[in-house]
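So the chains spell out like this:
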Amino acid sequence: MNIDLFVQLPELKQARIVAGMQGKTRIISNVKMMDAPDIIHYLTHGDLLVTTAYHYAGKPERLLELVKAMNEKGCAGLGIKQERFLGKIPAVVLDYANETNFSIIALPEQIGLSSVANQVLSAILDQRTNELKTALDTHRTFSNHIVSGKGLPHLLENVAQLVGSPVLLMNERCQLLSSSNTSSPVVNGMEYLHRMGYAFFTEGSRYSSFTLLMNHPKTVTVFPVYTDKAKKGILVILGSFSHEESQSVLLVEQATNVIAFELMKENALKQYTKRAKNEFFLHYLNGQYASKEEVINRAKEFGLYNDRPYKCVAGRLDQEELNLGFKDNHIESEKVFDFVEEELSIFPFQSHLFIKGEMCFILLEGEKGDTTGESLQSIEFALEMIQDRVALHFKRSISFGYSHLCRQFWDVQEAHKEALNALHSGRLSGNRQFVQGYQAKDLQKLLRMIPQEDLVEFCDFNLKKLTEPGVTEMALIQTLAVYLETHCQISETAKRLYVHRNTIIYRLEKIEELLGKSLKDPDTTLHLRLALRIQHTLETS
């Protein structure tokens, strides 16, 4: 209830505003009646104080102090029976009230303060009751829209009609989900603010308004949509609300409640489909389907078509959080992978993400008929951008290995192995936050033609003394692998392993001592390279 409505109450016809009539309307949320010198300590925002001003008779400076304090607290106004003790309200008080638009009301002498307070409270309660009834009716109407299957677009059109402005629904990343009209440049402005880390809502705020500085500046009002996700969705009204439009604000809030339920329902269905899709992919990688035809038909159910080209990407966080247990680390990893999946949606190629333990696998789908991979040329750029975003939001680093182009889905199983190989090679070299493509190695195919027992025997003969249990020996194996990978460059090996050059020299001498061979001998290094390659092949086969 605002001050203007207060003086229009039938029982208070003789009440009149004597100051603060210009500018912003003040809303009355409560009425307090008290004649005590320390009353200011009991007042809060939106309070209307009615008083005889008994303690301020002949003390205009103290009355001015009261009005100033009430204005600072955001009180609605001051109702005074001026003729009883004051005679008239001091001019200095009226001047301050007019300057600050603080409402002062002259109350009629024949009506008691309790009667004034009761009448105003009754009017406020009537107004709140009507607002609540309207809110319930609106909520019921919106819910019926959803239950009848008309969906979010129809609901947003109704909201737009109620508030008289276009309405947009965006997810927590400011990506457009639906709107009541055609696409608006506001979408790009909102997405830009999100990427710059702008906080749209302060803690506890019902809504917020701001102006987007574009070619044509636009004021928007945003409401939070609370779902089961950690971050809020956003309902955007292309316009602003004044204090007189509290009813419209209440209606929009009812709409956000209904929208939240609909989004949670849609998200639950997406999660179910996502789990089923992930299960299919893992079964496919494990060779659990009877025939190629079965794999192709099942893949089609999840939007994976055999006649499309694909690249497979394997991703893994570079380091676990030491202060978290196994379960919590797994949960945190999934949060990062979900974020990666959302980031992929901004790029011009279709993507499919799957989670397997502590790793994620991404199938990047090219255009039909693309035999050269031209539609997936930006893969490295996209993955590097995602790495930067992960580092910004989670303070974590993630690395990716990706495969060659496979021309049909049936070949993804081999592409998956290539992506794993590329990721493993990068990690073996001691790199962090890298994007590495698979390098075809003819040697790999040759090794697969040799009986496994022969490969195991060759590997044991050359590496057994370095692979016996013990932390030191494991460090020696890694040092040897990086040393050979860097073409026997000690400084580069130390750099990749983040240790001192002298430590590398000590480890190499230890390796030569254990093997009884010199690492400067070409045959020795060739045999060791082959043994390390065979060891990796055996572990990944």
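This text follows the structure it describes.
Criteria and thresholds
- Residues numbered from 1 in each chain as written.
- Predicted model: local features only at pLDDT ≥ 70, side-chain atom pairs only at ≥ 80, totals over all residues.
- Heavy atoms only, no water.
- Phe/Tyr/Trp six-rings, centres within 6.5 Å; stacked < 30°, edge-to-face > 60°.
- Helix = DSSP H or I, 4+ residues; strand = E, 2+ residues; numbered from the N terminus.
- Buried < 20%, exposed > 50% of the residue type's maximum accessible area, 1.4 Å probe, protein only.
- Pairing = 2+ DSSP bridges.
- Axes fitted to C-alpha atoms, helices over the stretch in contact; angles between N-to-C directions.
- Contact = heavy atoms within 4.5 Å.
- Parallel < 35°, antiparallel > 145°, perpendicular 65-115°, else oblique.
- Left-handed = near helix turned anticlockwise from the far one by under 90°.
- Nonpolar A, V, L, I, M, F, W, Y, C, P; charged D, E, K, R; others polar.
- Salt bridge = Lys/Arg side-chain N within 4 Å of Asp/Glu carboxyl O.
- Patch = residues over 30% accessible without salt bridge, like charges linked within 9 Å, V, L, I, M, F, W, Y side chains within 5 Å.
- Areas by Shrake-Rupley, 256 points an atom, 1.4 Å probe, with all protein chains shown as cover.
- Lys, Arg positive; Asp, Glu negative; His and termini not counted.
- Charge placed at Lys NZ, Arg CZ, Asp CG, Glu CD.
- Core = buried A, V, L, I, M, F, W, Y, C linked by side-chain atoms within 4.5 Å.
- Expected span 1.5 Å × (residues − 1).
- Arc of directions from axis to C-beta.

Trainee: In this structure, what is going on with the packing of aromatic side chains? I would like to understand it.
Mentor: Any aromatic ring pair is given by two values, namely how distant the centres are and how the planes are angled relative to each other. Using the criterion set out here, one finds 15 aromatic pairs in the structure. Summarising the aromatic geometry, the rings of tyrosine 198 and phenylalanine 210 are spaced 5.6 Å apart at their centres and angled 65° between planes, so their arrangement reads as edge-to-face. Linking tyrosine 198 in the loop between α7 (186-195) and β8 (208-212) with phenylalanine 210 in strand β8, this pair joins segments that are 12 residues apart in sequence. Take tyrosine 198: its relative accessible area is 39%, and that puts it in the partly exposed class. Accessibility expressed as a relative area gives 11% for phenylalanine 210, which makes it buried. On the numbers, 6.0 Å between centres and 10° between planes, the contact of phenylalanine 347 with phenylalanine 349 is stacked. Taken individually, phenylalanine 347 and phenylalanine 349 each receive the classification buried, so the pair is uniform in this respect.

Trainee: Would you mind going over the pairing of strand β14 (residues 398-402) with me for this structure?
Mentor: Strand residues, when the strand is regular, have side chains that alternate between the two faces of the sheet. Within β14, 5 of the 5 residues are buried, which leaves it mostly tucked inside the rest of the structure. Note that strand β11 (residues 310-317) and β14 share 5 bridges and pair antiparallel. Bridged to valine 313 within β14 is tyrosine 402. Note: β14 against strand β15 (residues 435-437), 3 bridges, orientation parallel. Residue pairing across strands places phenylalanine 400 opposite valine 435, the latter belonging to β15.

Trainee: Would you explain the sheet that holds strand β1 (residues 16-19) in this entry?
Mentor: The pairing of strands in a sheet comes from backbone hydrogen bonds and takes either a parallel or an antiparallel form. With mixed pairing, the 5 strands of this open sheet are ordered in space as β1-β5-β4-β3-β2. Strand pairing shows two members of the sheet lacking a second neighbour, β1 and β2 (30-33), which therefore form its edges. For this sheet, the mean inter-axis angle between neighbouring strands, taken without regard to orientation, is 30°. Bridge count for strand β3 (residues 47-51) against strand β4 (residues 77-80) is 4 bridges, and the pairing is parallel. Across the sheet, valine 50 pairs through a bridge with glycine 79, a residue of β4. Lying over the sheet, helix α2 (residues 60-73) contacts β3, β4 and β5 (103-106), oriented at roughly 145° with respect to β4. Running at roughly 95° to β1, helix α4 (residues 91-100) makes contact with β1 and β5 of the sheet.

Trainee: Please clarify how the packing of helix α14 (residues 452-463) against helix α18 (residues 522-540) should be interpreted in this entry.
Mentor: Working note: a packed helix pair is described by the angle between its axes plus the distance between those axes. Contact pair α14 / α18: the axes reach a minimum separation of 9 Å and the direction vectors enclose 130°. Here α14 lies oblique to α18, going by the angle between them. Crossing of α14 over α18 shows left-handed handedness. Taking contact as the criterion, the partners of Gln452, Leu455, Val456, Phe458, Cys459, Asn462 and Leu463 in α14 are, on α18, His527, Leu528, Leu530, Ala531, Leu532, Ile534, Gln535 and Leu538. Looking at the contact of α14 with α18 residue by residue, the classes come out as 11 nonpolar, 4 polar and no charged.

Trainee: Mind showing me how you'd approach the pattern of salt bridges here?
Mentor: On inspection of all chains with the given rule, the structure shows 13 salt bridges. Its salt-bridge partner being lysine 265, residue glutamate 262 comes within 3.3 Å of it at the nearest N-O pair. With glutamate 262 and lysine 265 both in helix α8 (residues 246-285) and 3 residues apart, this pair spans about one turn of that helix. Assessed through its relative accessible area of 8%, glutamate 262 is described here as buried. Looking at lysine 265, the relative accessible area reads 44%, which means it is partly exposed. Here lysine 274 ties to glutamate 341 by a salt bridge, and the two come within 2.9 Å at their closest N and O atoms. Residue lysine 274 is located in helix α8, and its partner glutamate 341 is located in helix α10 (residues 326-344); the two are separated by 67 residues in the primary sequence. The exposure class assigned to glutamate 341 is partly exposed, which follows from its relative accessible area of 28%. Among the charged side chains, a salt-bridge network with shared partners connects Asp307, Arg308, Glu365 and Lys368.

Trainee: Can you walk me through the pairing of strand β13 (residues 359-365) in this structure?
Mentor: Burial within β13 is extensive, with 7 of its 7 residues counted as buried. By the bridge criterion, 7 bridges tie β11 to β13 in an arrangement that is antiparallel. Note that in β13 the partner of arginine 316 across the bridge is methionine 359. Taking the residues between adjacent antiparallel strands as the criterion, strand β12 (residues 350-356) and β13 are bridged by 2 residues, where glycine 357 takes a positive phi near 65°.

Trainee: Just checking my understanding: could you explain a negative patch on the surface for this structure?
Mentor: Negative charge collects at one region of the surface, where Glu453, Asp454, Glu457 and Asp460 lie side by side. Examined against the element boundaries, glutamate 453 turns out to sit in helix α14. In this structure glutamate 453 comes out as exposed when scored by relative accessible area, which is 57%.

Trainee: Sorry if this is basic, but what is going on with the nonpolar core here?
Mentor: Looking at soluble globular proteins, one finds that nonpolar side chains tend to be buried together. Among the nonpolar cores identified, the biggest contains 25 residues, and Val313, Val340, Ile362, Leu364 and Phe400 are the most heavily contacted of them. At the level of elements, β11, α10, β12, β13, α11 (379-394) and β14 are the ones that each hand at least two residues to this core. Each residue touching isoleucine 362, except ones within four places of it in the same chain, is listed here: Lys311, Cys312, Val313, Val340, Leu344, Ser351, His352, Leu353 and Phe400. In this structure, Cys312, Ala314, Val412 and Ala415 belong to the second largest nonpolar core, which totals 23 residues.

Trainee: Hey, could you run me through the sheet that holds strand β6 (residues 167-170) in this one?
Mentor: Spatially, 5 strands are ordered β7-β6-β10-β9-β8 in an open sheet, and the strand pairing comes out antiparallel. Because the sheet does not close on itself, it has two edges, and the strands there are β7 (176-179) and β8. Here the average twist between neighbouring strands, direction ignored, is 30°. Across 5 bridges, the pairing between β8 and strand β9 (residues 218-225) is antiparallel.

Trainee: How should helix α17 (residues 501-515) be read in this particular structure?
Mentor: One turn of an α-helix holds 3.6 residues; hence residues three or four places apart share an orientation. Helix length check: α17, at 15 residues, gives a terminal C-alpha distance of 21 Å against a target of 21 Å (1.5 Å per residue), a fit within 8%. For α17, every residue scored as buried is listed here: Ile504, Arg507, Leu508, Ile511 and Leu515. Buried residues of α17, viewed axially, fall in a sector of 100°; they line one side. Opposite the buried face of α17, by more than 90 degrees, sit the exposed residues Tyr506 and Glu513. The first or second residue beyond α17 is glycine 516, which carries a positive phi of 70°.

Trainee: Looking at this structure, I do not really get unusual backbone geometry. What am I missing?
Mentor: Backbone geometry follows two general trends: most residues other than glycine have a negative phi, and most peptide bonds adopt the trans configuration. Despite not being glycine, histidine 487 shows a phi value in the positive range, around 60°. With respect to the element layout, histidine 487 can be found in the loop between α15 (471-485) and α16 (490-497). The backbone of tyrosine 498 shows a phi angle near 60°, a positive value even though the residue is not glycine. Structurally, tyrosine 498 is set in the loop between α16 and α17.

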